[in-house]
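The residues making up each chain are set out below.
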2 protein chains.
Amino acid sequence: MPRRNGTGPFWWRGRFKGCGYRLTIPRKAIVDVLDKANKHLSAEDIYLSAHKVYPAIGLTTIYRTLELLVQMGVVFKFASGDGRARYQLSAGPKAVKYHHQLVCTTCGRVIDYADFIDKEKELFSQTEKGLSEKYNFKILNRLVRFYGLCDECSQQRTVTSHKLQVTSHQSPERSKDC
Amino acid sequence: MPRRNGTGPFWWRGRFKGCGYRLTIPRKAIVDVLDKANKHLSAEDIYLSAHKVYPAIGLTTIYRTLELLVQMGVVFKFASGDGRARYQLSAGPKAVKYHHQLVCTTCGRVIDYADFIDKEKELFSQTEKGLSEKYNFKILNRLVRFYGLCDECSQQRTVTSHKLQVTSHQSPERSKDC
DNA sequence: TTGATAATGAAAACCATTATCAATATACAC
DNA sequence: GTGTATATTGATAATGGTTTTCATTATCAA
Ligand SMILES: [Mn+2]
Ligand SMILES: [Mn+2]
Ligand SMILES: [Zn+2]
Ligand SMILES: [Zn+2]
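To start, this report covers the structure provided alongside it.

Thresholds applied
Residues numbered from 1 in each chain as written. Chains lettered and ligands numbered in written order. Predicted model: local features only at pLDDT ≥ 70, side-chain atom pairs only at ≥ 80, totals over all residues. Heavy atoms only, no water. Near = heavy atom within 4 Å. Polar contact = N/O pair within 3.5 Å; in protein donor to acceptor, adjacent residues only side chain to side chain. Helix = DSSP H or I, 4+ residues; strand = E, 2+ residues; numbered from the N terminus. Nonpolar A, V, L, I, M, F, W, Y, C, P; charged D, E, K, R; others polar. Contact = heavy atoms within 4.5 Å. Buried area = accessible area lost by both parts, 1.4 Å probe. Salt bridge = Lys/Arg side-chain N within 4 Å of Asp/Glu carboxyl O. Pairing = 2+ DSSP bridges. Least-squares fit on C-alpha atoms with pLDDT ≥ 70 in both. Donors = N, O, S within 2.8 Å, 3.2 Å for Na, K, Ca; no water. Buried < 20%, exposed > 50% of the residue type's maximum accessible area, 1.4 Å probe, protein only. Core = buried A, V, L, I, M, F, W, Y, C linked by side-chain atoms within 4.5 Å. Axes fitted to C-alpha atoms, helices over the stretch in contact; angles between N-to-C directions. Parallel < 35°, antiparallel > 145°, perpendicular 65-115°, else oblique. Left-handed = near helix turned anticlockwise from the far one by under 90°.

Around DNA strand C sit 22 residues, and of these A:Thr24, A:Arg27, A:Thr61, A:Arg64 and B:Tyr63 come closest. Counting only atoms of DNA strand C within 4 Å of the protein, the sugar-phosphate share comes to 67%. Between A:Thr61 and DNA strand C, the recorded distance is 2.5 Å, taken from a side-chain N or O atom to a phosphate oxygen. Note that a base oxygen of DNA strand C is positioned 2.8 Å from one of the side-chain N or O atoms of B:Arg22. When residues of the surface near DNA strand C are traced back to their parent elements, those giving at least two are α2 (25-37) and α4 (59-72) of chain A together with α4 (59-72) of chain B. Tallied by class, residues from the surface near DNA strand C come to eight nonpolar, eight polar and six charged.

With that settled, the discussion passes to the interface of chain A and chain B. Where interface size is quoted, it is often the accessible area lost as the parts come together. At the interface, 54 residues of chain A touch 53 residues of chain B. For the pair chain A and chain B, the summed buried surface comes to about 4700 Å²; carbon and sulfur atoms form 61% of the total. It is A:Phe137, A:Phe146 and A:Tyr147 that lose the most area in chain A upon contact with chain B, and together they represent 15% of the buried surface on that side. Linking chain A with chain B are two salt bridges, by the criterion used here. Among the ionic pairs, B:Lys134 bridges to A:Asp115, the shortest N-O distance being 3.2 Å. For the interface between chain A and chain B, the tally reads 14 residue pairs in polar contact (both at pLDDT 80 or more). Each residue belonging to the side of chain A that touches chain B can be placed in one class, and the counts come to 27 nonpolar, 12 polar and 15 charged. Looking at chain direction, strand β6 (residues 138-149) of chain A and strand β6 (residues 138-149) of chain B are connected through 11 bridges and run antiparallel. The residue bridging A:Asn141 from the neighbouring strand is B:Tyr147, located in β6(B).

Attention shifts here to the relation of the copies chain A and chain B. These two copies of the chain differ by a rotation about an axis and a displacement along the same axis. Expressed as a screw operation, the relation of chain A to chain B combines 0.2 Å of axial shift with a rotation of 180°, fitting to an RMSD of 0.4 Å. The relationship between the two copies is best expressed as a two-fold rotation axis. Comparing interface residues between copies, 98% of those in chain A also sit at the interface in chain B, which points to an isologous, same-surface contact.

Residue and element names in this part refer to chain A. At 2.3 to 2.5 Å from the manganese ion (ligand 1) lie its protein donor atoms, namely His99 (ND1) and Asp112 (OD). Within this pair, whereas His99 is found in strand β4 (residues 98-104), its partner Asp112 is found in strand β5 (residues 110-113), the two being separated by 13 residues in sequence. Note on His99: relative accessible area 3%, which makes it buried. By relative accessible area, Asp112 is classed as partly exposed at 40%.

The next subject is the nonpolar core. Of all hydrophobic cores here, the largest spans 28 residues; its most connected members are A:Leu102, A:Phe124, A:Phe137, A:Phe146, B:Leu102, B:Phe137 and B:Phe146. Only β4, β5, α5 (118-135) and β6 of chain A together with β4 (98-104), β5 (110-113), α5 (120-135) and β6 of chain B provide two or more residues apiece to this core. Leave out the neighbours within four places in its chain, and B:Phe137 touches A:Leu102, A:Val103, A:Cys104, A:Ile111, A:Phe146, A:Tyr147, A:Gly148, A:Leu149, A:Cys150 and B:Ser132. One finds A:Trp12, A:Cys19, A:Val31 and A:Leu89 within the second-largest nonpolar core, a separate group that totals 26 residues.

Time to look at the environment of A:Ala56. All names here are of chain A. Within the secondary structure, Ala56 is located in the loop between α3 (43-53) and α4. Judged by relative accessible area, Ala56 falls into the exposed class, the value being 62%. Separated by 20 residues in the primary sequence, Ala56 and Lys36 place their C-alpha atoms 20 Å from one another.

Attention now goes to the protein's contact with DNA strand D. As a structural note, the neighbourhood of DNA strand D is formed by 26 residues, with A:Arg22, A:Tyr63, B:Arg27, B:Thr61 and B:Arg64 the closest of them. A breakdown of the atoms of DNA strand D within 4 Å of the protein gives sugar and phosphate a share of 69%. At 2.8 Å, a backbone N or O of A:Ala85 approaches a phosphate oxygen of DNA strand D. Between a phosphate oxygen of DNA strand D and a side-chain N or O atom of B:Thr61, the distance comes to 2.5 Å. Within the residue set of the surface near DNA strand D, elements represented by two or more residues are α4 of chain A together with α2 (25-37) and α4 of chain B. Taken together, the residues of the surface near DNA strand D sort by class into nine nonpolar, nine polar and eight charged.

Here the focus is the sheet that holds strand β2 (residues 75-79) of chain B. All names here are of chain B. The three strands are arranged β1-β3-β2 in an open sheet whose pairing can be described as antiparallel. Whereas interior strands pair on both sides, the edge strands pair on one side only; in this sheet they are β1 (41-42) and β2. In terms of strand pairing, β1 meets strand β3 (residues 85-89) through two bridges, oriented antiparallel. The residue of β3 that forms the bridge with Leu41 is Tyr87. Relative to β3, α2 is tilted by about 80°, and along the sheet it contacts β1, β2 and β3.

Glancing now at the packing of α2(B) against helix α3 (residues 43-53) of chain B. All names here are of chain B. Running from N to C, α2 and α3 cross one another at 120°; their axes reach a closest spacing of 9 Å. Relative to α3, the element α2 lies oblique. Classified by chirality, the crossing of α3 by α2 is right-handed. In contact with Ala29, Ile30, Val33 and Leu34 of α2, α3 contributes Ile46, Ser49, Ala50 and Val53. Of the residues in the contact of α2 with α3, the class split is seven nonpolar, one polar and no charged.

Here it is as structure tokens:
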């Protein structure tokens, strides 16, 4: 007989009750989607998945419940480049407390990596410790984005730059930096 | 007689011309605002400032020019938590190529810090070098956000939790985590 | 089971950003 | 300088993710 608290499969039920919030079918469906997906999803992603198990659910409830979960500290919300926010569980057994990405500013490609290199863990461990003390700030999550040119895009700038040439005498061909 | 290229006060003029873009009054005004402010601004911030020196300017031109500058690699654009994008020069003598912030998930306060603790610069340098090689990715800018509780908000949760108590028998007082 | 009230969802509102398009400014040829 | 091709502008409308509104429904302690 499994325990239904702490880190068990229904750890989040206690969170709702403990906060004085009612445990409803839409809310169960939403947390369930986040728990099973175990990666960052947009509100619409969550809506589409939850809709399958509970077709009556509305997009409004998705947004409302997500905000609630963020306030409770159960979900981490962060902005992505495409104008839609992303949400992921940041509490419970499957919690992910960091997001590290390489973002190509030319094609928009996002490389979401978790296989940190040697120096990286040390870097953030030390940095977070220093910042916590210096600013008396309790760090719970982090988002790290390196912006630049992906493999393909940086090659294209040198290899296919001639494609950008224009015949008009009024438009001098754009250099490879434009 | 000062040079008007490279890192001089009008370094960005050559960028426009070199890319085949015309040098217009609205464009000058926009770059000038970014150059003088030397911190990240929203499109509206830029509009309001540029409007003072060139009242005929339209918000549309602000967005269009910013996108152009981003494509040219002169401006770095990143998402802030409030739904408005921020822009800052990332080329020229005043370029800023990184943004490090502490974001309070309770009150929304943002601490924008640049006074890096010891070792931080070196570790980022090494980390970026490692990532560049591993993913063959040319890193140009970075955004680092630590999310959590600011000084005030983490104190309030313990000190004033009694304020959250509700008299209704149906609403058990929210614990300090809600 | 009942009743107070928390939660829901359809619809409308909101708001930053984009697309349209007719008018204008720029820069090159002459 | 003048003329001409076209890049640029800005008012306006449209877009799309997110919030607000509000009448209806579901939850849960008693
Ligand atoms: Mn991620
Ligand atoms: Mn900054
Ligand atoms: Zn790319
Ligand atoms: Zn705070």
